[in-house]
Every structure is written in structure tokens, then in C-alpha cells.
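Tertiary structure, described
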Amino acid sequence: MNQLDQMHDMEACGISEENLSLELSFVDEENEEETGAADQLMEEKESWKGPELEDDFEVGEEEVAHRDSKEALEGAGEDLDSGRRESSERPMTPRSRRTMNYVDRVRVLNLRRNLNQLDNLAKEKEAVIRKTREELNACHVRIEALTTQQRDVKSGIESEKESGNTAAVFRLQALHRRLCAELGNEKDLESKITEMLNENVLEMWKIEIEQGNFSELRKQIRKDEEELDQQRQEQAAERLQKQKGRAQQLSRRWLAMERKIQETKEDYEQRLSKALEDAQRNHERAVQFLKNSLGRVREKEASEEQKRQEFMHKRMETVLSLKSSISSNREKLRTLQARKKADACDAQEQDQKMKEAIQAQGHNVTREAFLFKRQGEFERRKKEFMEQQKARKMEIVTRILKEEAQLERVRKQSHPRIPKRQDKLSDATKWRMKTWRYIERACDDSVAVVTQKSWRSPSPCASLDDRNFMLEASRETVPESKDQEEKEEEENDEDETLAEPEFVGIWNQECNLSKMIDNGIDSKPLGASKLEKEIFSQNLEKLHSSIIHKHKVCGREFKGCPFYSKPSLIHFKDFDIGKTYKKKMVLINAFYSINYCKLVGVSEHLKNFITVLFDPPGPMSAGMSCEVGVTFKPMINEDLEGEVTFLSQIGSFAIPLKCSTKKCVLALDKELIDFGTHVVGETISRTITLTNCGALGTRFQLCKSADAHPAHAAMVPHTPTEPPSTKTMVCVPVVEATVGPEKGSGISLMGCLADKETVSLNRSEEVIQHTVLPDRLRLSPTLSNIEHFGRIASGMDTAEIIPQSCLDATPVEHPLSMEEVTEIRLGKVTEGEIGPFSSIKLQIIFTPAIPGDAQADFEITFDNPDCKPLRFSAIAVSVAVPVWVPNSDVDLKICMYDRLYQDCIIVQSRASIALRLKFDVCKELANHMELLPKTGYIQAHSLFSVQLKFLPRLSLPEDAKKYFDEKTGVLEVPMTIIVSDQSKPVEFTVHAIVTPSDLEISPTEVDFGFCSIYEAVQTTIVLTNKGILPQEFGFVGLPEFVEIQPNDGFGILLPLESLNLDIIFKAKQAKEYSFDLTCKTEINRKFKLSCKAVGVYPPLELFHSLVQFSATALNDVSTAHLFVINSLASLNQFTRSVPRTGKKEMAPVGPTSFQFLVPEDSPITIMPCVGTVLPGKKCLLEVSFRPVLGDQLIRMEAIHLLCQAAEAKAQMERKARELELQRRKEEAMMGRKDGKKQSSISFLSQASKDKNSPRPFEPPSPEDICPDSEEYIAAHLSLVRNFANRFDRYVIPCLVASGDIDEKRGAEDLQYSPHYTLYLELHCPAVAPAVVVMSNNGKTLFTFGDVAVGHKIKKEVKIQNISQEPLILGYSFLNPFGPFMLANPISTLGEGESRELVISFCPEESKPFFETLEIRSGKATLTLTLTGQGVVPSIACSVEGDVFNMGYIVAKETATSTFKIENTSTLPLKYSIFLESLSPNRDREHQKLPPFLASPEITDLVGTQNYSGLSVFSVSPVEGTICFGKCQEFTVTFSPDHESLFYSDCIQVVIFGKEVIRVIQLKGAARNHMMFVEGGDPLDVPIESLAITTSVAEEAAKSESDRATNSILLNLECVQSETFVIPAIRELKVGGIRTAQFASKKNVEYSWENMQLLQLKGFTIDPVKGTVERGQTKSISVSWVPPAGSNPNQPVTGSAILTVKGDVKEVYSVYFMGRIVAK
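We now examine the overall build of the chain. Scanning the chain for helices and strands turns up 25 helices and 80 strands. When burial is assessed residue by residue, the chain has 35% of its 1719 residues classed as buried. In the chain, the share of contacts with a sequence separation of at least 24, taken over all contacts with a separation of at least 6, comes to 73%. For the chain, the computed accessible surface area is about 105000 Å², with 52% contributed by carbon and sulfur atoms.

Now the structure itself:
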């Protein structure tokens, strides 16, 4: 009934008629040809009257219907066309006119499917009925057996009651009650099975009725299917016809396309030929044009070359004239110098005369000289005052001209704006021209007073603007340098002394240390015996000759110093003479074993100062140390270096020793002082620090540098009127005075660039360019400049010719007054004492007087001759404006957007009147920057403070693109202060780096997904600081279920730094979470991060979600246990939380299944990984961790080892080839000496062949390495020995599903929810093993294979200790009743020691065995897996039964026969064959009585034997092995030497030398003639005597008599009853022996005689006579039916004669005896 209901339900879930009609209507709207399909289908369905098959369509067929309907619509046009064509071509039968549409096809398919389901249901019901009936029959059998047993128990109870056995009665009564209960249960089961059978039979009847109802429907469906097949064939034919038409059409298109391609190709060739002709004509024209152009170019080059030659000629003339001028000026310079000396001598003579005159007059000479000097000084000051007045006039004129130019510009312009740069430059040029004219007129009277004059030479770049250069040279430079040289020479002469000591000191001698050692010191130790001195001298010689033997410990050769010293250098610093210094050092033994140490001594030149205190400690173990004391007593103030020498067991070693005196170590903190740009009138001070890092003080003196140091770049004065944006660098020629010991002093003119180390500008990019002078003021490039230079240098003694390169440079000069040099001066401290380890700050003061650049060089000299002078430079720039900003660069540092920054700007005025100031901000920054107040008045000689406010907004990059670099964030804004009555505005620059204060959180939204309440979910966000300022941040107001790490969500972000933060979410209950995390910065900015999650309450929970394994050795196993708990017992959500996902439906209460998804290649095992947990129960899990080496890793290591071996082999071969090559070279050289040239030629040819012989090694691929190869095994052992500790982390997901897991179907039918997934985290540390297996290729799995039950095999397991310490081993217990046994347990295993364990396997049952043997050490456990299979040996023999009959043969002939034995067991069998006749116990058995005497039924296994003593039977092979599933063929040879019918023997098949698995009895018979008769009852014993008691003649006579008297007895027993009689039947066999003898007789004939009497007695023989061929036998049937009236108590007897004719005639007397046996 259940299956029938299932069928009804399945049909009910299909498409109803209404749905079918709706679908058909949809099809009708798309295809008009199928309008009547629904009505037709309904009529057919009603005619079939199928009560159970009304709904034939299922929901799954909707997609097929929709797709087919579309195909029908797409092919509608083609089907209509093809239908029209087909209708005209072939006639249509009435059946074929009806075309099956889509609805018909669907109907046929659904009906066929439903009928097939009905048939399958009938088959299943038949199988159920058959099975139920079998169960019912089995139940009946059990009931009968229980009834019989109950009846027997009842009778037993009665009998026991009669006998009075009460205990037995009680026992039988209990048994009777149990039988009654079982019988009742069986009867209940019988009733249930009967009821079930009746129900199934009833259902089967209903199904058969349903099948009968659908018989007509089956026929109709069969017809419809045939029509559908025919329709499909027709459609296929139509499609084939269409394809043929389309193929023809494509072929026509292809031919047309080929014709078109051919035409296009011809057209292309015509156009190509035409284009080639045009190109040829154009090429000819271009060649002609190119020739003309080249001619013009050559003419132009010739003219340019001529011009260049003319220019060079003129230049050479100019240079020659310049050279002649220099030579003439040299004479003038000499004359001028001589005149100067003469004037100086005259002045001295006049002074002397004046002194004499004053003294003669009686006046005070000193007072008069003082008054004379004061008068000279007054005259000098007067001249200086006049020069200052002129300079003041120049300033006044400059200011007047400037004001006039300003007024003129104001008049010219319509509105007061700043003039453009070009107009400004032209105005400046005009007033400068006026100024220079005034200066020229003012300075005409004082030309002779000026000590420096300007000169000008031609510039190398005529197109560039003229530049002014500065020439620093004076008339007193060379004399001063010469006087300074003479003073230095006088000082050196004063330092020299002529006093010499009476004897020369040791420190002044250059002595040879080796000679002093050999000559001055006795090498033998003091106070030693003669033998000790000899030994010491020998050892000393060995040490001197460096004969030190190599020392090896544990196979490792020691290299290096045997002792280490702490400290490694003995250094006595800054010592004083007369004091004593002591130091200790520690010597550490670095040798691998015990070592000795002995003091040898110190260096010879240190023995007077150094004393070593060392007590030899004796033998020192490795790592031990001893102390050495060193005492130093200095006597001389010199640096000393040497070493302290020791002697050890393996050689000598030395410790370096150094003694250093006190020294001065002086240094400056900087070499350049840059004052920057300042206004005239200010006073700026800078300091430079002089530091002494040494222990010796000295006296210093600071002064300006006397020498003119080369390569200092000068800056041209910056005039107030020139544009500030025009900046460049110019070169200055410098006059350098050089003084040497051999050459005289000279002057060299050279141009150079600014020295990077000595000159530094205030800002590196700012260099001032001088404005071009008027043409009238420019000095022409004539020789007048050189003449002026000659007049300057005429006072020198010697002069050096100016190099040509300097003249080519043509530098420009600008006059520089002497006040510029005095602007930079020294502070108060210019000399003093600097102590040891101290520093002094020196002050440099800059007081600008006139606008322009200032530079000064300073030098610090020291009294200590070992200290070299230190030099540094100072540069500064001064400007002159009435109003200026002291800090022209306002640096706001780093600013953030939308933050207000303020700064105070100080404006100073040197004007004598109040001025009006207007502060202007460029319009691009009007929204971001502001100066308050915008207008103000600055009083005379006072300050004015302006407030700068800067509020950078986010629109700054767009508003101020000109001043703001968006990439770097640098803002550089020029600010302007417009001063009334001042043409040049005051400019300053505001610098700032604008950076955002944003923190970027990536991602902006975090979805934690579905989170279990038992676990925490972690996600990582990136917090990025977009600015270049560090920012403090913190996540505030976190909910209790959220945690942020590290540092709880607080920290500092460095500029542009990105920080990873882990957000940990742990759901508290099953609901939907949506929250925001707020990140707050130190400036109170907030950034939000949106988070959402869904809390999940899974039905199961893990007792531990984290398992931390202990350190597990390689190939070892660590195990942990945990529980999977199902705590859900009810769905009452008000009393406790229930499993659910968010707000979805609750999980059902009941069995809940789980499954752990363990990665395939991981070393993790979970047992069980699949299971079901009942409500309120828990399931125990076992988690195992077994670290192993990966297969790919082993293969890569194998390749690495192969490459190393190949490289070593190649290196050895290379060395061998080199040796062979060397040997051949020597042989060739010897042969060359002997005149053998041929050998050298052959040697060269062989050497060339040897170079090409080696081939590079190609490593194999990892896949080519076999796991059983030696390379794989070696790589595995290498990795095990060199295994590095590692730590792995695994997260194993556990799927959870509601329901129970079916054992047959498994977990496939369960629907696992991904939201309920649990996770198990495993921490797995792996370490190197302490004990490894050396045998079995390093594997720990030992398989003993298949072993026969009762047999024992042994295996040796070789283990090795690879740790660095000895191990104490322990073993786990093996099963005492199991087959495995450890024969020799080892208790200890030394470091690196290898031992062998013997494990035996002896199975007692036929089953597989599995055990583990754990070898435990203090560090790890090595687990050996032992497996084996106990197998019961079994064979299959081709011999049926236990007798192998060889049949009859002729005596003294041999017959062979074979039989096979097949090994049907799973192991190879080692067999042995034994014959019973050859048994060693055979003689012992002969002493017993024959078996037939004890019992006629018992016969001996060994029968008649040969007279010759040889074995009658032999078998081969007698031993060997039969593999699994193989057969072994055995050959049995039968060789009788006389006639007998009782030849027999026994074969025993013994396996493994112990067990007899098969016994086969061999039998055979031998005849002297070719025929034999077999059958009948035995008339004699089957044993004959081996003793020969008759002669041959008697034997022949006996054989003749036997021929007539051979007897055969046949007993026939007839079964007779009242209703029937069963006749007795016996057989006799007559046969012929196949033999090569008796060739004349081919067949054997037989016949019976005296048959009449036998027939009367009921005996029947068939056949009576016949013929038998050689090697064949024929049966003679003898039957007996007792005649009527026979006495059943009396036997019926009779006889007959059987005559057999072969090579001889034999007569057998056959006796018949018949008996009647009742049934």
C-alpha cells in the first residue's frame, strides 16, 4: 500500500489538466498550427479512461516544453516551406497526414514513463512478496523446531520427575518456559508476516488490474511511438535535403568569390606596375635635386671655413701682441719693485737722519717719533673721511635718481601699479648710468689714492651680457709672503741645536729585532736541566720553522687561534712617564679538547717597560679561561706597539699590545659660517666650536687667513633696483701667491667655480646677477688692463707668466672696497688655552656696511707642532632698503587643512620718517591667507608687527595652482609690502607644507557575515594616515562584543603610514548586528566604520576549539581528545537560547550530524570525522598529528643531492684530466728532448679531444625519481637528519546538519548549513626526531607479508641516535597473545650509535594482524607499525579423490602420468614430495603384523615392490616453490619389473618442511601379456612375498596352469519388496594394454561360454563377445533378476567361461552368486 500511495503522490505532483490547458494556450498563441492539440489530447485521454494516469506532466518538463516550443516557432517557416515541397513530391497516407506536434510528443513520453513506473512497481512488489513468503517459510520451520523441542522437554520433565532429579526438573521447566515464550513470539511474527503478505498480494492484484486497464493504452502508445520514429526519419530526410541545397548555394558563392579575388589581384598588379614606374621617375628627379643641394652646401662650408681661418689668424695676432705686452710689463714690474725698495731705503735713511738730528738738538726722540706717527695717522683718517664723504654723496645721488625715476614712472602710468619687469630693468639702467657718471666725475681726483683698479679683458662668449669680476691683489702681497717665508726659515734655524750627547740612546738606533733575539738573549729557560734545555730548544726550532701538526678532534680539523683573549688588544692610552699602569686580560681555550698555555714573552723593544704576570693553569678544557696581568711602566714619551707571545699545545699565538701617548685631537664643528642676507646696519653674531678630543691641551690663536686660498666664488653686489628674480653664478679670477722651498713666489691668474665645501649661499637656489653696465662705462678689451696689472705687480722680485688658459677665460672685474673685508670680524676671544677633552666657542661678528656680498677666511693655529692649522670661511650678503623684513622667509612648517595657523611678521625701518605700509596678499590665496592689519604706519627707526593668519581650505589646490605643488603639498607664496615713497616693494615669502588630516579606513564597510556564538571572527582593516604629520588615534565607545587589536585600538600613525588593525567580533546571541565603530583623532576628528554581522547559534558545540599539540618529532604521533556536544533538548526559547541563524527559523530538535573536512595533504587525522550526536549527548573525538615529509620536498632534495654528486664527480674528473694533461706534457717535453715530434702532435690531438669529452650534467625532473630508488631514500634520510623545527597552524571546518547519517547512503543526503559550521584550530609544532630507522629505506612501516599459520619469520630493524646526547630507550607493550615479539630490547643508545632490533612474527590464526611498537626516548617517540597476514596454506590438486591409478602396463615397461597442484592461498608455498616406500620408518613398520591380519578392511599403503629393489613409483620434481595463483605439474613414473596387480605407494606433499597438506595413493598393475580383465570380488590378499622360491621352469608351468584356472567371483544383491524388484548389476572390464611389444596382435578378443544355465537362473551378460583395441577398455554388464519361486534365504550360484585372446589365450572361470536383499 505504501508503494501504491507513493505512486499516487508522484502522479499527483505532476501538471494538472488545467495547467496543461494553460500551457497549450501559451503554445497556441505562439504557433497557430497547434490550436486543436489540447482538445484532441483531452478526447484521447477520456477515451482511454485511465483513472490513475490523468496527470501525465510533471513540473520538471516545463523547461523542456518551453524550449521545444521556441524551436518549433523558429523552424515554423522552414517546416511550412518543406511541407509544401514534400506534399507535392510524395503522396500522404491517412496515417501519415497526422503530424505529431509538441503536445503529442510530450504526451507519449509521459505515458511511456508512467507505464514504465507501473511495471517497475509490479516487479518490486513481486520481489517483496517472494521475500515475505521466504520469511514466512523460515518462521514455520522455526515453529516446528520449537514445537519438537518443547515436546522433547516435556517428556524429559516427566522422566526426570519419575527419577526424582529435582534440579534437572527445574532446569527443564525453565527451558520449557523459554521455549514457550519463543514459540509465542514466533507465532506473533508469523501472524504479522502473514498479514503483510496478504497486504502485498492485495496490492499486487490491484497493480495487475491497473496493468490490465492500460493494455489498450500500451497498444496505442506503441503505435504512437512508431509514428513518432517515422516522423523523425522524415524530418531527418528533409533536413538532409536542405543541407544539400545550402551546400550547393555555398559552392556557387565560393566560385563567385574566387572570380572576384582573381579580378582584384589583376587590378592590384596593374596599379603596382604603374606605381613602380612613377617611383622610378621621382627617384631620378630627387637624385638631380640632391646633387644641386650638395653643391650649394659644399660652397657654404668652404666659405665658412675661410671665415674661420681668418678669425683664427686674427686671434693668433692678438695673442702674440698680448704676449709681447706681458714681456714688456714684466720689466716695468721689476723696475717698479726696485724703485719701491730704493724708496724704502731712502725713507729709512731719512728716519735715521731725523732721529740723529732730533737727538742732536736734545729733544726726546721717542716723543718726536710718536708725534710724527700721530700726524701721519691724522692724515690717513682725513683721507678716509674724504672717501666716506664721497660715498655718502654717491648714496644721496643714488636716492635722488631713484626718486626721480619713480616720479617719472608714476607720471607715465595711468594707475599706480607695479611696473613690468622690462620697463623696470630699463629704468634701472638709466639711473645707474647717471650714477656711474657722477661717480666717475667724483673719483677723477682720487684715482691715485685707490689701491685697487679695475681691468677688463675680452669675454669668451660675446653674445652674453658682460659680467664684472673681482681681483684681489695688492702691492704688498708678494713682499709680505716673502717676509713670512724668511721668518719661518729663521724660526726653523732657531729650533735646530748643535749640542750632541756623548752616546746615542737606544730609541735613536735602528736595531734588528731578529739579531737581538739571536745574539742578546739565551733561548734556553733559566734554572732548567740540560735535557730540558735541549727539548726546549728543539721545540723552539720547530716553532720558528712553523712545523705545526694538524690537530683533529672527532674528525674535525681545528683551524684558527687556539686561545681567544678579552680584550683582543691591550691598549694603554694617554700614559704619563713615571707612573705604573696595570691591566688584566682573560684567555679562553677555543680548542676542541684539552689545551695548555705557556708564556713565551713580549716583544724585545717592550721588555724594559712591560711586565707580564702569568701563572700557567695547567690543562684547560674547552671553553675554560685564565687571567693574565700586564704591567706597564713608561720611561719614554713615545708610542709603542708590540705583542705578548704565548705557546699552546697546537702552536703559538700572540696578543697585540699598544701604548699611546697623550695627543691633541682638534676639530671644528663646521667649516663654513653662512650669515645669510641682512640689512645694512645690523649686527649678527655666529659661533663656531673648537673641540679637543685628546688628552693633551694646547694654546690656540685665531686670526684671518694670511694666504689667499684658491677657488672661492664671489657674489656681485645686489643693487636695490635690479629684479630679484634674475639669479646666476659668476666666476672670479683670484691672484694666488705660492711660496716653495725651491721655486720663488709667483702670481697665477685662474678662474674657478664656487667651492662646494667652503662657500654656501643662504638659499642654494639664490645667486645674484649684476645688471649690465652702460656701453660708455665698459672697458674695452685692450692691453691697457694688462698694463695696469703689470703696474700693480712691478714691485715683486720674481713673477710668473700668466697662463694662456687664464687669459682665454677673460674674466670681468668689479672694484671692491676694503670696508667689505672688515664687515666680518672676530669676537673677543681670539687666543687662549684649550684643555684636554674640552671645547671653546669662538664668536664671528658680521656688521654689514654697504650692500653686497662679504667673505672672509679664518685660520686657527696651535702651539703644538703636531697639530695642523684649521681653516674655515664666513660669507654674508647685505642689502640696503629703508624698510625690510628681517625674516624674509616665513616658514609655517607643516599645516593641516581647515586648521587656523598664525604667525607674527616683524617689519623694520631704518628711515628717519614714518612710512605708510600696505600689506598685499595675492588674489589666489585671498580665501586662505590674511595679513592684519592690511594698512599701517611704521615709525622712524622702529618695528611694526603684522599678524599672519593661514586657514588652508580644501579648495587650496584649485585656487593656488601657481604656488601650490599638489604632489608634494608645498606652498610657496610671495607676499608684498608696498611702502610709500619706495619704488621697490618689500617682498617676503611664506612657506608651508599643507597636508590633510584625514584617516582612511579600508574597507569602509565590514561585513562579518555569519558568526557563531562559540567562536570569534576576525577581520583586518587598514588605517592610513593621509597626512605627513603623526596623528594619535583611538577607537572609542566600542560595544562589548567587539575588540580591536593591537593596543585596544589606540596608537599613533606616523606620516603616510598604514597600520593593520584586527577587529574581533564575538556574537553573544543569535540575532542580526548592525553597528558603527568610531575612530577619533587628537584634533577631535571622527571617522566611522560601518559593521554588520549575523549571530548564529549552532546546534552543536566543540568542547575545545583550540588544540595545542606538544612538540612532535618527525613521523611521531601526538593525540588529543575532545567532545562534540549536542546540548539542545527542547525548543522553548523562553527558558534558554535555541539554535538559529539570526532571526530565521529555529533548528529542529533531534539527532544532529557533523563532518570534519580535513585537508588531504595535511598531517591531521580526526576519528571519527563523520558522526551523529543525539540530543543531550556528546561524541568523543580523537585528533592526531603526525608530521611527515612531503613527497615533492623529498624529490627536490634528491635532485639537489644528485647535482652535488655530479659536481663532485665532475671536479674529480677535472682534476684527473689535469693530472693526465700534466703527465702528458711532461712526456711530451721528454719526447721533444729526445727528438720525438710525433708524440707531441698526438698529445695535442688527445688533449683537444679530452676538452670536448665532458658533458654538462642535466638533473632529472622530480617526476622521474622513483620512490623506491636510492636517490629518493638518500634524500629522505638527509631531510630527516637535517630537519629544522617548524610550527604549523591548521583550521579544520566542521559541517553541521540536522538529521541522522545513514550507514548505507552516508552523509550525501544531509543538507549542511554553512552558517552552522564550527572551526577547530590546531597548533602543530614539529621537531627533529632523536631516533631514526636506518633499515627499510627509512620507513617505519614493517610489513611481514603473508606468513603461514604456525610459522615464524624475523626481521631486523636498525635504529640510530642522531641527537647530540645518549638516550635511554623504553618500549611499549606488545600483545602477549599476539604474533609479534621483540626479541632483543635495547636499553641505551649512545650518541650517533646504531643498533639492530629483532622482531619476530608467528601467526596462529588466518587473519591480518596489526600492532604498533613505540620506542620511547626522553625527547621523542619513534612508532614502528607492524603488519602481517596469517594465512592457512591451501592447494587444489587435479587428482580426484585420494587415489592416483596408473592403470595396467606390461611388466618391465615404464609408464608416465602427470597431475597438477595449484596454489590457492595468498603466499608462495615451499613444498617437498615424499614417497612412503622411501620413508626411513619403513623398516620399523615391517616388524609389525600385516594390516590385513588385524582387519581384512585395512590395507597397507605400500604394496608390491620390484624384485630389483628399485622404486616402482617415482615423482619429479621433489621440491620447489609454488607462487600465488600458479600451478606446478608433477610427473609420476610407474616402472614395474614383474607381473602383479597390487603395486601401490603413497605420496605426501609437505609444505615448509612441516605440514603434510595432501596425501595421494599411487596404484598400478603389471601384466606379462597385453590383455587384462578387471572387476569382481577379491579372492586373495593384496600383498605378495618378495621371496623367490620357484625356478623359472616351475614358474612357466604354473603360468600355463593359471591360464586355465583364473577365477573371478561376482556377488550380486537384488533388492526385492512387495511391490517392486530392483535387479542387481555388476560390471567386468576387458582391456588391452598399449605397448610396443606383440606387434603381430593389434586387438584383444573375448567371448563367453556356458550361458544357457546362467540365463535360467536369471543372470544376463551383455555383450557376450567383442573386440577391444590396444589402450582401450570395454565394460561387460552382468545383471541378475531372481527367477520366480526363488528362495530368498538361499543364494543362487552359477559359472561361465570367459575366453580372452591377445598375444596368448587366457581362460577365466567366472563364478556368479546372487542374493535377495529386502528393503
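Read on, since the account is not over.
This part is about the pattern of salt bridges. Per the counting criterion, the structure on display carries 38 salt bridges. The closest approach of N and O atoms between Glu-1393 and Arg-1395, which form a salt bridge, is 3.5 Å. Salt bridges sharing partners connect three or more residues here, namely Glu-377, Arg-380, Arg-381 and Glu-384.

Turning our attention to the packing of aromatic side chains. Enumeration according to the criterion identifies 33 aromatic pairs in this entry. Ring geometry for Phe-591 versus Tyr-592: centroids 6.3 Å apart, planes at 15 degrees, classification stacked. Its relative accessible area of 35% is what places Tyr-592 among the partly exposed residues. Aromatic pair Phe-1041 and Phe-1065: ring centres 5.6 Å apart, planes at 85 degrees, arrangement edge-to-face. Of this pair, Phe-1041 sits in the loop between strand E35 (1031-1036) and strand E36 (1042-1045) while Phe-1065 sits in strand E38 (residues 1058-1065), and the two are 24 residues apart along the sequence. Exposure remark for Phe-1041: the relative accessible area of 15% places this residue in the buried category. Judged by relative accessible area, Phe-1065 falls into the buried class, the value being 0%.

In this structure, Pro-1003 follows Ser-1002 across a cis peptide bond, with omega equal to 0 degrees. With an omega dihedral of -5 degrees, the bond running from Ser-1516 to Pro-1517 counts as a cis peptide bond. Within the fold, Pro-1517 resides in the loop between strand E66 (1513-1516) and strand E67 (1519-1522). With a phi close to 60 degrees, Lys-893 is a non-glycine residue in the positive phi region. Structurally, the position occupied by Lys-893 is in strand E23 (residues 889-896). Of note, the phi angle at His-941 is positive, near 50 degrees, even though the residue is not glycine. Mapped onto the elements, His-941 comes out in the loop between strand E27 (935-938) and strand E28 (943-950).

The four strands are arranged E32-E34-E38-E36 in an open sheet whose pairing can be described as antiparallel. Looking at which strands have only one partner, the edges of the open sheet turn out to be strand E32 (999-1002) and E36. The average undirected angle you get between the axes of adjacent strands in this sheet is 25 degrees. As paired elements, E36 and E38 share four bridges and run antiparallel to each other. Residue pairing across strands places Glu-1043 opposite Ile-1064, the latter belonging to E38.

Among the secondary structure elements, Ile-688 is positioned in strand E13 (residues 684-692). Take Ile-688: its relative accessible area is 0%, and that puts it in the buried class. When the C-alpha atoms of Ile-688 and Gln-843 are compared, they prove to be 6.5 Å apart, with 155 residues separating the residues in sequence. Those residues in contact with Ile-688, other than ones at most four positions away along the chain, are Leu-668, Asp-669, Lys-670, Ile-673, Ile-840, Lys-841, Leu-842 and Phe-872.

It is characteristic of soluble globular proteins that their nonpolar side chains tend to be buried jointly. Residues Phe-1154, Phe-1156, Leu-1320 and Leu-1322 are the most contacted members of the largest nonpolar core, which totals 39 residues. The element contributing the most residues to this core is strand E51 (residues 1313-1327), with six residues. Within the second largest apolar cluster, 36 residues are counted, among which are Ile-905, Leu-925, Leu-971 and Ala-992.

Take the sheet that holds E13 next. The antiparallel open sheet is built from four strands, whose spatial order is E11-E13-E19-E17. With one partner strand each, in any of the chains shown, strand E11 (666-668) and strand E17 (824-826) form the two edges of the open sheet. Across the sheet, the mean angle from the axis of one strand to that of its neighbour is 30 degrees, orientation sign disregarded. Here E13 runs beside strand E19 (residues 838-846); their pairing, made up of nine bridges, is antiparallel. Counterpart to Leu-690 in the pairing with E19 is Ile-840.

What follows is about the packing of helix H7 (residues 102-163) against helix H8 (residues 166-213). Two elements in contact, H7 and H8, have axes separated by 7 Å at closest approach and are oriented at 160 degrees. When the axes of H7 and H8 are compared, the pair comes out roughly antiparallel. For the pair H7 and H8, the crossing hand works out as left-handed. Looking at side-chain class alone, the contact of H7 with H8 contains 24 nonpolar, eleven polar and 15 charged residues.

Moving on to a nonpolar patch on the surface. There is a patch of nonpolar side chains on the surface, built from Trp-254, Leu-255, Met-257 and Ile-261 and spanning about 440 Å² of accessible area. By secondary structure assignment, the location of Met-257 is in helix H9 (residues 215-361).

Analysis parameters
- Residues numbered from 1 in each chain as written.
- Predicted model: local features only at pLDDT ≥ 70, side-chain atom pairs only at ≥ 80, totals over all residues.
- Heavy atoms only, no water.
- Helix = DSSP H or I, 4+ residues; strand = E, 2+ residues; numbered from the N terminus.
- Buried < 20%, exposed > 50% of the residue type's maximum accessible area, 1.4 Å probe, protein only.
- Contact = heavy atoms within 4.5 Å.
- Areas by Shrake-Rupley, 256 points an atom, 1.4 Å probe, with all protein chains shown as cover.
- Salt bridge = Lys/Arg side-chain N within 4 Å of Asp/Glu carboxyl O.
- Phe/Tyr/Trp six-rings, centres within 6.5 Å; stacked < 30°, edge-to-face > 60°.
- Pairing = 2+ DSSP bridges.
- Axes fitted to C-alpha atoms, helices over the stretch in contact; angles between N-to-C directions.
- Core = buried A, V, L, I, M, F, W, Y, C linked by side-chain atoms within 4.5 Å.
- Parallel < 35°, antiparallel > 145°, perpendicular 65-115°, else oblique.
- Left-handed = near helix turned anticlockwise from the far one by under 90°.
- Nonpolar A, V, L, I, M, F, W, Y, C, P; charged D, E, K, R; others polar.
- Patch = residues over 30% accessible without salt bridge, like charges linked within 9 Å, V, L, I, M, F, W, Y side chains within 5 Å.

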